[in-house]
Amino acid sequence: MSEAFDRLVPEAQDFCTRLAADNTRDWYAAHKEEYHAHLKAPAELLLETLRPKIAAMTGADCSTRLFRINRDLRFARGLPPYKDHLHMLWYSPASAEPPLAWFLGIDRDRVRIGAGYMQFEGATLLHWRTALAGPAGKDIDDGIGAMLAQGFTMRDAALKRVPPPYPQDHPRAALLKRKGLTLWADLPVPARGFDQAVLASFALLLPLMQRIRAALGQASRDDTP
């Protein structure tokens, strides 16, 4: 089974490179069976194989998602009809609000892994800011710093200024400007054991993600009348 996963990256990158060179419905129709056999089927197998392992690692329920290769052109006008990458994720805890996501992306020239929350909304965004401003904030900040020191990266903050009622010189101003929290890194692809390498990378992020989840839960409980 592991051998199928070891072939997934080179076969997906080769397919996506050829797709990018001729991103048309005619080309995809001629290669649709190849996509299903060499990308979609092993990706779904990888999702299902790691699902119970991620559930055991997080101590929570886990669900999966494989992103479709075709774009909904109603919301992506001017873009090619197909995505030249293979992206998937696991949600664990899946039943939490919001769910915690574990990402894997195979792009034409690299493989990316990550974890976190793409966007906090409504009450969860307020709980995130409360957690950052409270006693757990420094632990979260320190944990993020440790991940950055190991080569992980974060996307740019959504806001230019610190939201009220927090001062602009707040010690965690940079995090308060964020409406989500995800960390990413390029994954060196081993000759063998790709599935194990993905799981090991997720394990590196686990302590920080559990710290954030616990802080959000505590802020939510404190906010309950």
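Everything below is about the structure printed above this text.
These numbers come from a predicted model, not from an experiment.

So, how was this worked out
- Residues numbered from 1 in each chain as written.
- Predicted model: local features only at pLDDT ≥ 70, side-chain atom pairs only at ≥ 80, totals over all residues.
- Heavy atoms only, no water.
- Helix = DSSP H or I, 4+ residues; strand = E, 2+ residues; numbered from the N terminus.
- Rg over C-alpha atoms; globule rule 2.2 N^0.38 Å.
- Buried < 20%, exposed > 50% of the residue type's maximum accessible area, 1.4 Å probe, protein only.
- Contact = heavy atoms within 4.5 Å.
- Pairing = 2+ DSSP bridges.
- Axes fitted to C-alpha atoms, helices over the stretch in contact; angles between N-to-C directions.
- Phe/Tyr/Trp six-rings, centres within 6.5 Å; stacked < 30°, edge-to-face > 60°.
- Polar contact = N/O pair within 3.5 Å; in protein donor to acceptor, adjacent residues only side chain to side chain.
- 1 Å grid on protein atoms, 1.4 Å probe; cavity = no way out; pocket = protein on both sides within 12 Å on 5 of 7 lines; lining within 4 Å.
- Points joined across faces, edges and corners; volume = space filled by probe spheres on them.
- Nonpolar A, V, L, I, M, F, W, Y, C, P; charged D, E, K, R; others polar.

Q: Can you help me understand the overall build of the protein in this one?
A: Helix and strand content of the protein: six helices and five strands. Taking 225 residues into account, the globule formula puts the C-alpha radius of gyration at 17 Å, and the protein, at 19 Å, falls close to it. Along the three orthogonal principal directions, the C-alpha set of the protein runs to about 55 × 40 × 35 Å. For the protein, the proportion of its 225 residues judged to be buried stands at 45%. In the protein, the proportion of contacts linking residues at least 24 apart, taken out of those at least 6 apart, comes to 66%.

Q: Is there a simple way to think about the sheet that holds strand 1 (residues 63-66) in this case?
A: Two modes of strand pairing occur in sheets, parallel and antiparallel, and in both the strands are linked by backbone hydrogen bonds. Spatially, five strands are ordered 1-2-3-4-5 in an open sheet, and the strand pairing comes out antiparallel. At either end of the open sheet lies a strand with only one pairing partner, and these are strand 1 and strand 5 (181-186). The mean inter-strand angle of the sheet, taken between neighbouring strand axes irrespective of direction, is 15 degrees. Pairing of strand 2 (residues 86-91) with strand 3 (residues 101-106), which is carried by six bridges, proceeds in the antiparallel orientation. Bridge pairing in strand 3 links His87 to Gly105.

Q: What should I look at first to understand the packing of aromatic side chains in this one?
A: Each pair of aromatic rings is reported with the distance of its centres and the angle of its planes. Inspection of every chain in the model, using the stated rule, returns nine aromatic pairs. Ring pairing ties together the aromatic residues Phe15, Trp27, Tyr28, Tyr35 and Tyr82, which thus form one cluster.

Q: Hey, could you run me through the environment of Trp184 in this one?
A: With respect to the secondary-structure elements, Trp184 resides in strand 5. By relative accessible area, Trp184 is classed as buried at 11%. In this structure, the C-alpha to C-alpha distance between Trp184 and Met154, residues 30 residues apart in sequence, is 6.3 Å. The residues touching Trp184, leaving out its near neighbours within four places in the chain, are Phe103, Arg112, Ile113, Gly114, Met118, Gly151, Phe152, Thr153 and Arg155. A distance of 2.9 Å separates a polar atom in the side chain of Trp184 from a polar atom in the side chain of Thr182.

Q: What is the right way to read the layout of surface pockets from this model?
A: Left-over empty space is what a probe sized like a water molecule reveals as it rolls over the atoms. Empty space within the largest pocket amounts to approximately 430 Å³. Surrounding the largest pocket, 23 residues form its lining, Leu89, Phe103, Met118, Arg155 and Trp184 being those nearest its centre. Those elements that place two or more of their residues in the lining of the largest pocket are strand 2, strand 3 and strand 4 (111-117). When the residues that make up the lining of the largest pocket are grouped by side-chain class, the tally is 13 nonpolar, five polar and five charged. What the second largest pocket holds in volume is close to 190 Å³.

Q: I keep staring at unusual backbone geometry and nothing clicks. Help me out?
A: For residues other than glycine, phi is negative in most cases, and the peptide bonds are mostly trans. The omega angle of the peptide bond from Ser92 to Pro93 is 5 degrees, so this bond is cis rather than trans. When you line up the elements, Pro93 lands in the loop between strand 2 and strand 3. Note that the residue after Glu97, namely Pro98, is joined by a cis bond; omega there is 0 degrees. Position of Pro98 relative to the elements: it lies in the loop between strand 2 and strand 3.

Keep in mind these values describe shape, not function.
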